[in-house]
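Descriptive analysis of the structure
Here are the chains, one letter per residue:
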Amino acid sequence: MTTYDDRASLTDLTATVERVRSSVEGVIEGKPEVVRLSLTVLLAEGHLLIEDVPGVGKTMLAKALAKSIDCSVRRIQFTPDLLPSDITGVSIWDQQRRDFEFKPGAIFAQIVIGDEINRASPKTQSALLESMEERQVTIDGQTYELPSPFMVVATQNPVEMEGTYPLPEAQRDRFMARVSVGYPSVEAELQMLDVHGGVSPLEDLQPVAHAHDIVKLIEAVRGVHVAETVRRYAVDLVAATRNHPDLRLGASPRATLHLLRAAKASAALSGREYALPDDVQALAVAVLAHRLLPTAQAQLNRRTSEQVVQEILQRTAVPAAPQQPGLGGLGRGAPAYPQQPPRRL
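Notes on the structure in this doc start here. For clarity, every value in this text was computed on a predicted model and none was experimentally measured. (Residues numbered from 1 in each chain as written. Predicted model: local features only at pLDDT ≥ 70, side-chain atom pairs only at ≥ 80, totals over all residues. Heavy atoms only, no water.)

**Section: the overall build of the chain**
Rules: Working definition: helices are DSSP H or I runs of at least four residues, strands are E runs of at least two. Numbering for both runs from the N terminus. Classification of residues uses two cut-offs on accessible area relative to the type maximum, computed with a 1.4 Å probe and protein chains only: under 20% is buried, over 50% is exposed, and between them is partly exposed. Contacts were defined at the residue level, with two residues in contact if any of their heavy atoms lie within 4.5 Å. For accessible areas, the Shrake-Rupley method is used with a probe of radius 1.4 Å. Any residue's cover is judged against the shown protein chains and nothing else.
What the chain contains, in helices and strands, is 15 helices and 15 strands. Burial analysis of the chain (345 residues in total) assigns 50% to the buried set. Excluding contacts between residues fewer than 6 apart, the proportion of contacts in the chain whose partners are at least 24 apart in sequence is 79%. Total accessible area computed for the chain in this model is approximately 16400 Å², and 51% of it derives from carbon and sulfur atoms.

**Comments concerning the pattern of salt bridges**
Our working rule: Between Lys or Arg on one side and Asp or Glu on the other, a salt bridge is scored when a side-chain nitrogen of the former is within 4 Å of a carboxyl oxygen of the latter.
One pass over the structure, following the stated rule, counts 18 salt bridges. For aspartate 173, the salt bridge is made with arginine 291, and the minimal N-O distance between the two is 2.7 Å. With a gap of 118 residues between them, aspartate 173 in helix α8 (residues 169-174) and arginine 291 in the loop between α13 (277-288) and β13 (293-294) connect regions that are remote in the sequence. Taken individually, aspartate 173 and arginine 291 each receive the classification buried, so the pair is uniform in this respect. Note that arginine 315 and glutamate 311 form a salt bridge whose closest N and O atoms lie 3.3 Å from each other. Taken together, the residues span about one helical turn, with arginine 315 and glutamate 311 both in helix α15 (residues 305-315) at a distance of four residues.

**Thoughts on the pairing of strand β5 (residues 99-104)**
Quick reminder of the rule: The criterion for strand pairing is that DSSP finds at least two bridges linking the strands in question.
Pairing analysis gives six bridges linking strand β4 (residues 89-94) to β5, with the strands arranged antiparallel. Residue pairing across strands places aspartate 94 opposite aspartate 99, the latter belonging to β5.

**Let's talk about the pairing of strand β1 (residues 48-51)**
Burial of the side chains of β1 extends over both faces: Leu48 and Ile50 are buried on one face and Leu49 and Glu51 on the other. As judged from the four bridges shared by β1 and strand β9 (residues 151-156), these two strands associate in the parallel manner. Bridging from a neighbouring strand, glutamate 51 pairs with glutamine 156 of β9. Bridging between β1 and strand β10 (residues 177-179) involves three bridges; their strand directions are parallel. The partner of leucine 49 across the bridge, within β10, is arginine 178.

**Description of α15**
Every buried residue of α15 is accounted for by Ser305, Val308, Val309, Glu311, Ile312 and Leu313. Elements in contact with the buried residues of α15: α11 (228-242), β12 (247-249), α13 and β13.

**Focus: the sheet that holds strand β6 (residues 111-115)**
This is how the line gets drawn: Axis definition: a line fitted to C-alpha atoms, over the contacting stretch in the case of helices. Angles run 0 to 180 degrees between N-to-C directions.
Taken together, the five strands give an open sheet; going across it, the order is β3-β6-β9-β1-β10, and neighbouring strands pair in parallel fashion. Of all the strands in the sheet, the pair left with one neighbour each is β3 (73-77) and β10. Taking the axes of each pair of neighbouring strands and ignoring which way they run, one obtains an average angle of 15° across the sheet. Most of the contacts of helix α4 (residues 58-67) go to β6, to which it runs at about 170°, and overall it touches β1, β3, β6 and β9.

**Some points on a nonpolar patch on the surface**
Put simply, the rule is: Patches here: salt-bridge-free residues with over 30% relative accessible area, like charges joined within 9 Å, nonpolar side chains (Val, Leu, Ile, Met, Phe, Trp, Tyr) joined within 5 Å.
On the surface, Val186, Leu190 and Leu193 cluster together into a nonpolar patch covering about 310 Å² of accessible area. By the element assignment, leucine 190 lies in helix α9 (residues 186-196).

**Description of the packing of α11 against α13**
Rules: Each angle receives one of four descriptions, namely roughly parallel if under 35 degrees, roughly antiparallel if over 145, roughly perpendicular if within 65 to 115, and oblique otherwise. It is the rotation of the near helix from the far one that decides the hand of a crossing: anticlockwise by less than a right angle makes it left-handed, clockwise makes it right-handed. Each residue gets one of three labels, nonpolar for Ala, Val, Leu, Ile, Met, Phe, Trp, Tyr, Cys and Pro, charged for Asp, Glu, Lys and Arg, and polar for the others, Gly among them.
Where α11 meets α13, the closest approach of the two axes is 10 Å, and the angle between their N-to-C directions is 30°. When the axes of α11 and α13 are compared, the pair comes out roughly parallel. Two packed elements cross with a definite hand, and for α11 against α13 that hand is right-handed. The segment α11 lies against α13, with Val230, Tyr233, Ala234, Leu237 and Val238 engaging Pro277, Val280, Gln281 and Leu288. Within the contact of α11 with α13, the residues separate by chemical class into eight nonpolar, one polar and no charged.

**Considerations on the packing of aromatic side chains**
What counts, and what does not: The rule is short: rings of Phe, Tyr and Trp, with Trp giving its six-membered ring, pair when the centres are within 6.5 Å, and they are stacked under 30 degrees, edge-to-face over 60, tilted in between.
Counted by the stated rule, this structure contains four aromatic pairs. When the ring of phenylalanine 108 is compared with that of tyrosine 144, the centres are 6.4 Å apart and the planes differ by 80°; the resulting orientation is edge-to-face. A residue pair is termed long-range when its members are at least 10 positions apart, and phenylalanine 108 in the loop between β5 and β6 and tyrosine 144 in strand β8 (residues 142-145) qualify at 36 residues. Overall, tyrosine 144 belongs to the partly exposed group, its relative accessible area being 23%.

**Re the side chain of aspartate 279**
So the rule is basically this: By the criterion applied in these results, polar contacts are pairs of N or O atoms within 3.5 Å in which, for protein atoms, one can donate a hydrogen and the other can accept it, and in which residues neighboring in sequence qualify only through two side-chain atoms.
Note on placement: aspartate 279 falls in helix α13. The class for aspartate 279 is buried, based on a relative accessible area of 3%. Only 2.8 Å separates the side chain of aspartate 279 from the backbone nitrogen of leucine 276, close enough to count as a polar contact. Sequence-distant contacts of aspartate 279, defined by excluding residues within four places in its chain, comprise Ala263, Ser266, Ala267, Arg272 and Tyr274.

**As for unusual backbone geometry**
A cis amide bond, omega -5°, links serine 148 with the succeeding residue proline 149. Tracing the backbone shows proline 149 in the loop between β8 and β9. The backbone of aspartate 140 sits at a positive phi, close to 55°, despite the residue not being glycine. Taking the relative accessible area as the measure of exposure, aspartate 140 reaches 67% and is therefore exposed. In this structure, arginine 302 is a non-glycine residue whose phi angle is positive, near 60°. Residue position: arginine 302 is located in the loop between α14 (296-300) and α15.

Below, the structure is given as structure tokens:
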């Protein structure tokens, strides 16, 4: 049976993530919960959608995360005239070789930053669908594998802003989580003026982890144990969105899978080898809300998807702790619930 020692110890995981987190928080002041969610999505092999008004640090958060890891990074500025081939690549006829040569697009990187993704047309947005789900690109019948780790960090302005195209449901469902940076506190904004007033902190940011370290940590997160009761709790939450009267589109089975993977990554970040209902609860809004479509009546009543998810969390029964400890998927017994408060980074 595979153990943490075969891949990456829990101590190595927390130490590496702590370095990355400290590096990113040195650029994004006063938003530790946003930084933690970004790292959770990275270790859960997901993609992150950062949505908020202009000027709150969406792109800087994505860049800080990318520069903190020694891996390939490409940035795509989405505009109305951007073509799908600019993202995926194109085959060009080589006169000397008398054959087609494939020129990789910007998607061929380990961390891809899509800035203002909703400013491109739906046709161009759809160029990301295959790569985000299957981690490959198919051009002219030829399939090309993408590097590992692979993560898309996209930013977008709210859809009511001018010159934007709302992301289609299939595109939003590819993102594991959505986060809003929000305005900083007064203290954090004052600190930002001190740090960013002279030179951008991104210029001096150095990698604190390697890509192969992240791959090992992802493998370790896959082995986090999830008890049957916790899995059923996640399924119950997602199923409740499909029958809610204020929603005309509930969460998909992919959402359930993403919620479970994110809960496992959150447990590992907290120093645990097993997931808790608390992990599922803490991530439910970020993982589920952006996939839901409120009814017209709910929109008239100013009911948001986030409010619906919070209501579902309050109404859904939290599973009780089992009498017998579960056997962790990491090779040794692990209780499904901790006897002490979990250790956090």
